[in-house]
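# Architecture at a glance
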Amino acid sequence: AAALGKFPASMGLNALERALRDTSAEVRVAAVQAIGGVADGGPRALALARGAWDHDSSYAVRAAALGAAARLDEAGRGAIVRAGLATPSYRDAIQNAALGGAARDPEAVPASELEPLLGTQQNPAYALAARAARGDSAAMQLLVRHLDDDRGWVRGWIVDAFRNGMPDSTARAPLAAARDHLTHAETKTAVDQLLSRPQP
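First, a word on scope: everything that follows refers to the structure included in this document.

Cut-offs applied
- Residues numbered from 1 in each chain as written.
- Predicted model: local features only at pLDDT ≥ 70, side-chain atom pairs only at ≥ 80, totals over all residues.
- Heavy atoms only, no water.
- Helix = DSSP H or I, 4+ residues; strand = E, 2+ residues; numbered from the N terminus.
- Buried < 20%, exposed > 50% of the residue type's maximum accessible area, 1.4 Å probe, protein only.
- Contact = heavy atoms within 4.5 Å.
- Areas by Shrake-Rupley, 256 points an atom, 1.4 Å probe, with all protein chains shown as cover.
- Lys, Arg positive; Asp, Glu negative; His and termini not counted.
- Charge placed at Lys NZ, Arg CZ, Asp CG, Glu CD.
- Axes fitted to C-alpha atoms, helices over the stretch in contact; angles between N-to-C directions.
- Parallel < 35°, antiparallel > 145°, perpendicular 65-115°, else oblique.
- Nonpolar A, V, L, I, M, F, W, Y, C, P; charged D, E, K, R; others polar.
- Arc of directions from axis to C-beta.
- Core = buried A, V, L, I, M, F, W, Y, C linked by side-chain atoms within 4.5 Å.
- Phe/Tyr/Trp six-rings, centres within 6.5 Å; stacked < 30°, edge-to-face > 60°.
- Lys NZ or Arg CZ within 6 Å of the ring centre and 35° of its normal.
- 1 Å grid on protein atoms, 1.4 Å probe; cavity = no way out; pocket = protein on both sides within 12 Å on 5 of 7 lines; lining within 4 Å.
- Points joined across faces, edges and corners; volume = space filled by probe spheres on them.

Within the protein chain, the secondary structure is distributed over 11 helices and zero strands. Its helices and strands in sequence order give the protein chain the pattern α-α-α-α-α-α-α-α-α-α-α, from N to C terminus. Oriented by its inertia axes, the alpha-carbon framework of the protein chain measures out at about 60 × 30 × 25 Å. Going through the 200 residues of the protein chain one by one, you find that 48% of them count as buried. Partitioning the intrachain contacts of the protein chain with sequence separation of at least 6 by distance along the chain shows that 59% fall at a separation of at least 24. Accessible area of the protein chain: about 9,800 Å², with a carbon and sulfur share of 53%. Computing the positive centroid from 22 side-chain charges and the negative centroid from 22, the protein chain places the two 4 Å apart.

So this is what it looks like as structure tokens:
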């Protein structure tokens, strides 16, 4: 099904629409992912993606449909990403798809709307790190602020996001500025370790 997304809409969408009715969730996931990449898919491709998001019974298909709809619908991207952020699912599949959309497009959802999710799982920290790495100052400010979060697991996730979610060249100055204001010894030690890493 993924290969069909490379064909013009007139050739690919009919087959992909049929695949969306397959009994296998894996087939439907592949189909809706392909729909998100159909050349010149236009309103029909978006309607298929939105239909899968609104009505499919599988969390995995809905997550893939959210990603496809977010790619296809620039004007409605913020609304669908917000809906995904608020939708619980097995292993956070839908929320993670929404976080991917939020990470790719800072205009869709402000960084402040990701902040309440920082205590729920690790991926919101990585979404903010991806945005900070591309120059989103609000995302960077949130990450620095939560280096001193009262919750130890949140501090650990933020440190990991600085360590693995952005280049050292981006992380170094904010970490150095924050270091002396940190109140938790283990976080200060972790930041010192990050600052001591050899620069490329």
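From this point, the discussion proceeds with the structure in view.
Before going further, it helps to spend a moment on the packing of helix 2 (residues 25-35) against helix 4 (residues 59-72). The packing of two helices is summarised by the inter-axis angle and the distance between the axes. Put simply, helix 2 and helix 4 touch, their axes get as near as 8 Å, and they point 5 degrees apart. Taken together, the axes of helix 2 and helix 4 are roughly parallel relative to one another. Contact residues: Ala-25, Arg-28, Val-29, Val-32, Gln-33 and Ile-35 in helix 2; Ala-60, Val-61, Ala-64, Ala-65, Ala-68, Arg-71 and Leu-72 in helix 4. Among the residues forming the contact of helix 2 with helix 4, the class breakdown is 10 nonpolar, one polar and two charged.

Looking at helix 11 (residues 185-195), one finds that the buried residues are Thr-187, Ala-190, Val-191 and Leu-194. One side of helix 11 holds all its buried residues, which, seen down the axis, span an arc of 100 degrees. On its buried side, helix 11 packs onto helix 9 (152-164) and helix 10 (168-179).

Once that is clear, we can look at the nonpolar core. One finds Leu-147 and Phe-162 to be the most contacted residues of the largest nonpolar core, which totals 62 residues. The element best represented in this core is helix 4, accounting for eight residues. Phe-162 has contacts with Met-140, Leu-143, Val-144, Leu-147, Ala-171, Leu-175, Leu-194 and Arg-197, leaving out every residue within four places of it along the chain.

This next bit is on the packing of aromatic side chains. This model, assessed by the stated rule, comprises zero aromatic pairs. Over the ring of Trp-53 we find Arg-62; its NZ or CZ atom is 4.1 Å from the centre of that ring.

Our focus in this paragraph is empty space enclosed by the protein. Overall, the coordinates contain one cavity of 30 Å³ or more when judged by the stated rule. Reported here for the largest cavity is a volume of approximately 50 Å³. Contributing to the lining of the largest cavity are Phe-162, Asp-168, Ala-171, Arg-172, Leu-175, Leu-194, Leu-195 and Arg-197. Every element with two or more residues in the lining of the largest cavity is listed here: helix 10 and helix 11. If you tally residues by element for the lining of the largest cavity, the top one is helix 10, at four residues. For the lining of the largest cavity, the residue count by class is five nonpolar, no polar and three charged.

Considering the arrangement of structural elements, one finds Ala-75 in the loop between helix 4 and helix 5 (77-85). Judged by its relative accessible area of 81%, Ala-75 falls in the exposed class. As a C-alpha pair, Ala-75 and Tyr-126 span 51 residues in sequence and 25 Å in three-dimensional space.

These figures come from the coordinates and say nothing about function on their own.
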